[in-house]
Amino acid sequence: MTDRLDPANPAARGRQRCVSRRCLHDGMPPVDSTIERLRDLPRSELAEEIETIVLEKFKVVLLMDDSEDLPLDVSYFDLGLTSLRLTEIRQSLEQLLDLSINVNVLFNEPTIAHLVDHLTQAIQES
């Protein structure tokens, strides 16, 4: 009998399987592998990777295409982001990067560039 959570079982495809705090999804690396990969990068490459991740999260919430440019130094509130959506992005980034993002970081200097700098430093120090 095939296990219902076995990825070889067609009925299990697309389902989520949680092991301890780590959730595994088809096609997505576990959180631990993402953060470990990021920690091994030099600062410049780390900043580029973090920027890519953050831009992707913001573009999804702002309903933007991948091809559209999103300014890094404009307040995300001026771009139309609400505090509720910002909280969703924060939670998503915290889970993906396995770190805590202080709310003050998001509201004191509300730009993607500032958030990327903060996250890059936080990952380097962790």
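As a reminder, the structure under discussion sits directly above these lines.
For clarity, every value in this text was computed on a predicted model and none was experimentally measured.

1. Observations regarding the overall build of the chain
Each helix and strand in the chain was counted, giving five helices and two strands. Scanning the chain from its N terminus toward the C terminus, one meets helices and strands in the order β-β-α-α-α-α-α. Here the chain holds 126 residues, and 30% of them are scored as buried. Put simply, 51% of the contacts in the chain that link residues at least 6 apart link residues at least 24 apart. Total accessible area on the chain is roughly 8,200 Å²; 47% of this is exposed by carbon and sulfur atoms.

2. Some remarks on the packing of aromatic side chains
Enumeration over the complete set of coordinates arrives at three aromatic pairs. With centroids separated by 5.1 Å and ring planes inclined at 35°, the aromatic side chains of Phe 58 and Tyr 76 adopt a geometry described as tilted. Of the two residues, Phe 58 sits in helix α2 (residues 43-61) while Tyr 76 sits in the loop between α2 and α3 (83-97), which places them 18 residues apart along the sequence. Residue classification places Phe 58 among the buried positions, given a relative accessible area of 0%. Centre to centre, the rings of Phe 77 and Phe 107 are 5.7 Å apart; their planes meet at 20°, and the pair counts as stacked.

3. Quick look at the side chain of Thr 120
Tracing the backbone shows Thr 120 in helix α5 (residues 112-125). Look past the residues within four positions of Thr 120 in its chain and what remains in contact with it is Arg 43, Leu 46, Ala 47 and Ile 50.

4. Some details on the packing of α2 against α3
Put simply, α2 and α3 touch, their axes get as near as 10 Å, and they point 145° apart. At the point where α2 passes α3, the crossing takes the right-handed sense. Residues Ile 50, Ile 53, Val 54, Lys 57, Phe 58 and Val 61 of α2 pack against Arg 85, Leu 86, Ile 89, Ser 92, Leu 93, Leu 96 and Leu 97 of α3. Grouping the constituent residues of the contact of α2 with α3 by class yields ten nonpolar, one polar and two charged.

5. Re a negative patch on the surface
Taken together, the side chains of Glu 56, Asp 65, Asp 66, Glu 68 and Asp 69 present a region of like negative charge at the surface. The residue Asp 65 is located in the loop between α2 and α3 in this model.

6. Section: the packing of α2 against α5
The geometry of α2 relative to α5 is characterised by a closest axis approach of 9 Å and an angle of 130° between their N-to-C directions. As judged from the angle between their axes, α2 and α5 are oblique. Crossing of α2 over α5 shows right-handed handedness. Across the interface between the two elements, Arg 43, Leu 46, Ala 47, Ile 50, Glu 51, Val 54, Leu 55 and Phe 58 of α2 pack against Ile 112, Leu 115, Val 116, Leu 119, Thr 120, Gln 121, Ile 123 and Gln 124 of α5. The class makeup of the residues in the contact of α2 with α5 is eleven nonpolar, three polar and two charged.

About the cut-offs
Residues numbered from 1 in each chain as written. Predicted model: local features only at pLDDT ≥ 70, side-chain atom pairs only at ≥ 80, totals over all residues. Heavy atoms only, no water. Helix = DSSP H or I, 4+ residues; strand = E, 2+ residues; numbered from the N terminus. Buried < 20%, exposed > 50% of the residue type's maximum accessible area, 1.4 Å probe, protein only. Contact = heavy atoms within 4.5 Å. Areas by Shrake-Rupley, 256 points an atom, 1.4 Å probe, with all protein chains shown as cover. Phe/Tyr/Trp six-rings, centres within 6.5 Å; stacked < 30°, edge-to-face > 60°. Axes fitted to C-alpha atoms, helices over the stretch in contact; angles between N-to-C directions. Left-handed = near helix turned anticlockwise from the far one by under 90°. Nonpolar A, V, L, I, M, F, W, Y, C, P; charged D, E, K, R; others polar. Patch = residues over 30% accessible without salt bridge, like charges linked within 9 Å, V, L, I, M, F, W, Y side chains within 5 Å. Salt bridge = Lys/Arg side-chain N within 4 Å of Asp/Glu carboxyl O. Lys, Arg positive; Asp, Glu negative; His and termini not counted. Charge placed at Lys NZ, Arg CZ, Asp CG, Glu CD. Parallel < 35°, antiparallel > 145°, perpendicular 65-115°, else oblique.

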